[in-house]
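Residue-level structure breakdown
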Amino acid sequence: MSPEDLQTWLTSTGQPSYRARQLRQWIYQRGARHLGAITVLPRRWREAHQDVSIGRSRPVQQVQAGDGTTKLLLELEDGHTIEAVGIPTAERLTVCVSSQVGCPMTCRFCATGKGGLQRSLASHEIIDQVLSLGEAMGRQPTHMVFMGMGEPLLNIAAVLSSIQCFCRDLGIGQRRITVSTVGIPHHINTLAQQAHQVLGRSQFTLAVSLHAPNQPLREYLIPTAKAYLLEDLLEDCRAYVAQTGRRVSFEYVLLAGINDQPRHAEELAQRVRGFQSHVNLMAYNPIAEEDFQRPHSRQVERFRRILTRQGVAVSVRSSRGLDQDAACGQLRRRWAASTAGPIPR
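All figures in this text were calculated on a predicted structure; none of them were measured in a lab.

Details of unusual backbone geometry
Positive phi is not limited to glycine here, since T106 has a value of about 55 degrees. Mapped onto the elements of the fold, T106 is located in the loop between β5 (100-102) and β6 (117-120). Given a relative accessible area of 33%, T106 falls into the partly exposed group. At H211, a residue that is not glycine, the phi angle is positive and equals roughly 70 degrees. Looking at the secondary structure, you find H211 in the loop between β9 (205-209) and α7 (215-221). Since its relative accessible area comes to 5%, H211 is described here as buried.

The structure is reproduced here in structure tokens:
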């Protein structure tokens, strides 16, 4: 609820309006999971509203890698499960959140897409992931990325509503938030328009999962890309830059022998030059369902050097959590396989 909606609800139950501020503080700063825990509220009122849910999910599994990367498996009210990952450094805690239960985009190298899409998440289910990881890791999240399960541009309203909450209630500014998409026809423009309406302006980073420098290879890696020509996607990205004044980040997962050759780097440079953009290179995190291989660090560096020589802004993202299957969707599928029955549908 917005502060105004929360105040309206509380006053309708007979509480003074200032209780809304106290309730928000207990939810967002003190981690209350049910109204009964908020002892600043009158006992009789809490007893009368004990069946009202705050909206928290139930942590069912937590794994931590040697580098501190922590993955949570969270169970929602309807029994579905989602993943969220906390990636710590000395200066920051980045939380990678999911926007859907499963994913319809069928990227061949992604474990989440193997199970298909069950449903989109509500905004409170997105917000809870950040709260839960902050509690699990004992630190306040400072940055967040919509790079977990699901396609954020198929759930724009809930994504923007949650961003509004992160800025307002958790102090995470838009410039510390990244929204990642494989690309849905006509939706990048919709994202920019609705962000302006909901947030006042678009200051978060748009990250586009490219993964290939040409249409045939992109369709091989992302079968749903058949509906969205690479040329049209890049044109929409240029329009987004012109509309928002924010650069676009292109995500590129390097798969050994598939899309990591010098010719691919040369072709990618030709595609993304000429407008405000940045390329993020990532070495593939292996999953059991595919035979793709992780490239050697020498291949990654060669690819980076070629892009740099071509005048492309580029960085290499370090892989985190490799010893605990940190790639998206792996924990959820492993947990489902170990329990009685398939992933909830």
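Here's the deal with the side chain of Q100
Position of Q100 relative to the elements: it lies in strand β5. Within polar-contact distance, the side chain of Q100 engages the side chain of S120 at 3.1 Å. Within the local environment of Q100, its side chain forms a polar contact with the backbone nitrogen of E151, the two atoms lying 2.8 Å apart.

Some words on the packing of helix α1 (residues 3-12) against helix α2 (residues 19-28)
Remark: α1 packs on α2, axes separated minimally by 9 Å, with the N-to-C direction vectors making an angle of 120 degrees. Compared by their axis directions, α1 and α2 come out oblique. Between α1 and α2 lies a crossing of right-handed hand. Listed contacts from α2 to P3, L6, Q7, W9 and L10 of α1 are R19, A20, L23 and R24. For the contact of α1 with α2, the per-class residue count stands at 6 nonpolar, 1 polar and 2 charged.

About the cut-offs
Each chain has its residues counted from 1, running along the sequence as written. Local features are withheld for residues below a pLDDT of 70 in this predicted model, meaning they are given only at 70 or higher, and side-chain atom pairs are given and counted only at 80 or more; totals for whole chains, interfaces and linings count all residues. Excluded from the side-chain calculations are hydrogens and water; all other atoms, namely the structure's heavy atoms, are used. Helical segments are the DSSP runs of H or I of at least four residues, strand segments are the runs of E of at least two, and each set is numbered from the N terminus. A 1.4 Å probe rolled over the protein chains alone gives each residue an accessible area, and that area as a share of the maximum for its type sets the label: buried under 20%, exposed over 50%, partly exposed in between. N or O atoms within 3.5 Å of each other form a polar contact, as long as, within protein, one can give a hydrogen and the other can take it, and as long as residues adjacent in sequence are counted only when both atoms are side-chain atoms. For helices, the fitted axis covers only the stretch in contact; all axes are lines through C-alpha atoms, and the angles between them, taken along N-to-C directions, range from 0 to 180 degrees. Note on angle classes: values under 35 degrees are labelled roughly parallel, values over 145 roughly antiparallel, values of 65 to 115 roughly perpendicular, and the remainder oblique. Note on convention: near helix rotated counterclockwise from far helix by under a right angle means a left-handed crossing. Clockwise means right-handed. For this analysis, residues touch if any pair of their heavy atoms sits within 4.5 Å. Any residue outside Ala, Val, Leu, Ile, Met, Phe, Trp, Tyr, Cys, Pro, Asp, Glu, Lys and Arg is labelled polar, Gly included; the first ten of those are nonpolar and the last four are charged.

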